[in-house]
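Inside the fold
Each chain, letter by letter, is given below.
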Amino acid sequence: MFGWSSSPLLPAKAGRRCPEGADEGPPPLDRGRPRPHRRAGADSLSLSASLRASAGVDARGPKKTLRIVRTLVVASLAAVGSLLALDRICPPDLSRYEARSVEVLDADGRLLRAFTAADGRWRLKATPDDVDPVYLKLLKAYEDQRFDSHPGVDPLATARAALQYASRGRIVSGASTLSMQAARLLQPQAKRSFTGKVVQAARALQLEWRYSKDEILSIYLTLAPFGGNIEGVRAASLSYFGKEPKRLTPAEAALLVALPQSPERRRPDRFPDRAHAARDMVLQRVHERGALDAQALSEALAQSAPDRRLALPRLAPHLSQMLASATPSERAIHTTIRREIQSTAARLAGEERARAGDDSNIAIVVVDNRKGAVVAWHGGDVDARQGYVDLVRAKRSPGSTLKPFIYGVAFDDRVANPETLVDDTPIRFGEWMPRNFDRDHQGTLTIRRALQQSLNVPAVAALDRVGAARFLALLRQAGVAPALPRGPGDPASLAIALGGVGLSPLDLATLYTGLARDGTVRPLRLRAEQPLADGFRLMGPGAAWQVRDVLANSPLPDGWTAPMRAIDGRRGGDRVIAFKTGTSYGFRDAWAAGVSGAYTVVIWTGRADGAPLPGRIGRDTALPILLKLFERLPGEDAVHTPPPPDALIVARNSDLPPAMRVLIPQAARLHAATATLDRRPASSAATALPPKPPRILYPVANSTLEVASGDNVVPLKAEGGTGALRWLIDGKPLADDRFRADPLWRPDGNGRARLTVIDTTGRSATIEVQIRLASR
């Protein structure tokens, strides 16, 4: 613009040279240094002034030049300031980019389910790292070859387009860069115009000023239209290829490059021929520009193009809906779900529903015991009747699935042990008399067998000893929320042992995971960023180990004669599974819950509307599904953990402390404690006190015993007294069985019976009970 002479104050003139001997200024490195002879410099200035005067140059020229320079600098600064002010006043509108679909992701960041954006479009966030490099290479080669170097507007492309338009009178090629297209996608225009192009160019420069190339490319990859309500390369790849764009063939990449040019006219699901032709055109163009070699071109042209649109992934739909509703402003929700296990559970549920052939549904929860994280959540078939109900969270009667925890608390209280004897005989607890599922009774047996056979009367007796209200409080402290029945009566009743409370499959999964974690129950993790919460000690490690040991030896259902195999890549082993089944009253709910070293699985089957399914019990319906799912889960080492130090391990009942050899319901113990008074002699405290008189612990005084005629017996239990105890029934001695600590009595008729126990000193205790013989 301006040329400068060797003197900093003089404008250069064409052909003008400095006079001989004049000072041409110091060398470049010496500019500005003081000269040694100031007089010579003064003479030189005088000579310059005279030369200017002789040449007719106005002495005010340098001042005018300085004013021009100052004006230009001020104008430039004002322009820059104006642009900065406009950038602040009118920043890029990113609202469309931010109004993306909500994505629910698995533990590895893979898509489980997405929801359409507010405007009904599938708009999934995409970055350059989310797509195959082949696609980016073809995109830049076809759309914007100098994207990585230009400032948002490509001057060469603009000049080429202008010359083509001037020479041919029509638009031959456009000059839109990817940055300009990103600006247009952020603020779509109803129709194209020259003014619109200018605005796009200005916005593209603004985007380049504010954001990196990858960020600008992310806007394009997220908002580019691909036909219908599909926007963004990820949504397009999932819809047309059924996969993420991380791995694309050149043919697939070329189709995704071609579709945004005319998304509606080239929709593969409506106009497959047009889509195929557009793809081939892109392939030919990028080959000509050196982005694709001849062999790759030939292979890509030979591939077919898709002709249908696929549904986006919809895994764990109920969980996804719950999490998306809880945080509607969150665009990406990272869960603990493992996609392979989730798919396995859903596929197995579909197979079992098809085999059942009725309106029943299946809920499945799988938990990683070590992480305390839910890895599969199948809330039922969403396409089934009432499929919108999330059955994983639905409160249902748990049947017998709480029995292991009742016994576990009793073990932890040291009032019982797996080898403790308990009576399975008809007995009334107040106005309620529990019955076994098969209406039969087993007599006296160990708690181990009672739990493995899921007998009802022993479980109620154990809960009576633990305390129903206390057990309910423990469940609440453990983090589950039991739903109590409405109506008259005490909701915290002994019926809890048989399913008289509402729990969800998620609640049971929480409890059984605690059983696998040595009796410490923690809230299950659903989100990847959710930390492992502090736990609640429901029972000690020894009690939890004993419960698992009992359940691991439960009888398998018919047809399952061998343990499941687990291959972990290094060796094979038998996966140790402790499981429990349950069936609710009226055959409305069938359950199976199981724990191994690595996983906890809970299965529920039934109808979403709660209608009964006669004959469907947990052992025959839910347990086979649980065992099949364990077979399909990732392998694990078959570790038989040794009992913890606090576990009381005995070989036989007689090795137990006397107080733990027989489990007596609390009602019987209270009656025995108040049946007789403890009378002490009036002698001094140093006088030895005699043993307490005998007390009848069972049956309970004035109780009614339901006895099946023919083969059932009533165990008799007493404590205290001196020496051997003898029993009288209605005044007649009962036959003695020296092999039993507690005798058995077989009633021979209905009516009241008088029972008396006598010790060797003649002290006795007497009660009366009502006998009801029931025909089998």
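Now for a quick tour of the structure. Quick caveat, the model's predicted, so the values are computed rather than measured. (Residues numbered from 1 in each chain as written. Predicted model: local features only at pLDDT ≥ 70, side-chain atom pairs only at ≥ 80, totals over all residues. Heavy atoms only, no water.)

Turning to helix H12 (residues 294–302), its buried residues number three or more, namely Ala296, Leu297 and Ala300. When H12 is viewed along its axis, its buried side chains cluster within an angular range of 100° and face the same direction. More than 90 degrees from the buried face of H12, the exposed residues found are Ala294, Gln295 and Ala302. On its buried side, H12 packs onto helix H10 (250–258) and helix H11 (272–288). At the N-terminal end of H12, a side-chain oxygen is found 3.3 Å from the backbone nitrogen of Gln295, two or three residues along, and the residue is Asp293. (Buried < 20%, exposed > 50% of the residue type's maximum accessible area, 1.4 Å probe, protein only. Helix = DSSP H or I, 4+ residues; strand = E, 2+ residues; numbered from the N terminus. Arc of directions from axis to C-beta. Contact = heavy atoms within 4.5 Å. Polar contact = N/O pair within 3.5 Å; in protein donor to acceptor, adjacent residues only side chain to side chain.)

Turning next to the packing of H11 against H12. Where H11 contacts H12, the two axes come as close as 10 Å, and the packing angle between them is 180°. By the angle between their directions, the pair H11 and H12 is classed as roughly antiparallel. For the pair H11 and H12, the contacting residues are Arg279, Asp280, Leu283, Gln284 and His287 in the first and Ala294, Leu297, Ala300 and Leu301 in the second. Among the residues making up the contact of H11 with H12, the classes are represented as five nonpolar, two polar and two charged. (Axes fitted to C-alpha atoms, helices over the stretch in contact; angles between N-to-C directions. Parallel < 35°, antiparallel > 145°, perpendicular 65-115°, else oblique. Nonpolar A, V, L, I, M, F, W, Y, C, P; charged D, E, K, R; others polar.)

Taken as a whole, this structure holds 41 salt bridges when the rule is applied. Arg234 is paired through a salt bridge with Glu244; the nearest N and O atoms lie 3.0 Å apart. Of this pair, Arg234 sits in helix H9 (residues 233–241) while Glu244 is found in the loop between H9 and H10, placing the two residues 10 residues apart along the sequence. We note a salt bridge from Asp549 to Arg448, for which the minimum N-O separation is 3.2 Å. Of this pair, Asp549 sits in helix H20 (residues 541–552) while Arg448 sits in helix H16 (residues 447–452); the two residues are 101 residues apart in sequence, bridging distant segments of the chain. When its relative accessible area of 22% is taken as the criterion, Arg448 is described as partly exposed. In the salt-bridge network here, residues are joined through shared partners; they are Arg96, Asp119, Arg121, Arg123 and Glu231. (Salt bridge = Lys/Arg side-chain N within 4 Å of Asp/Glu carboxyl O.)

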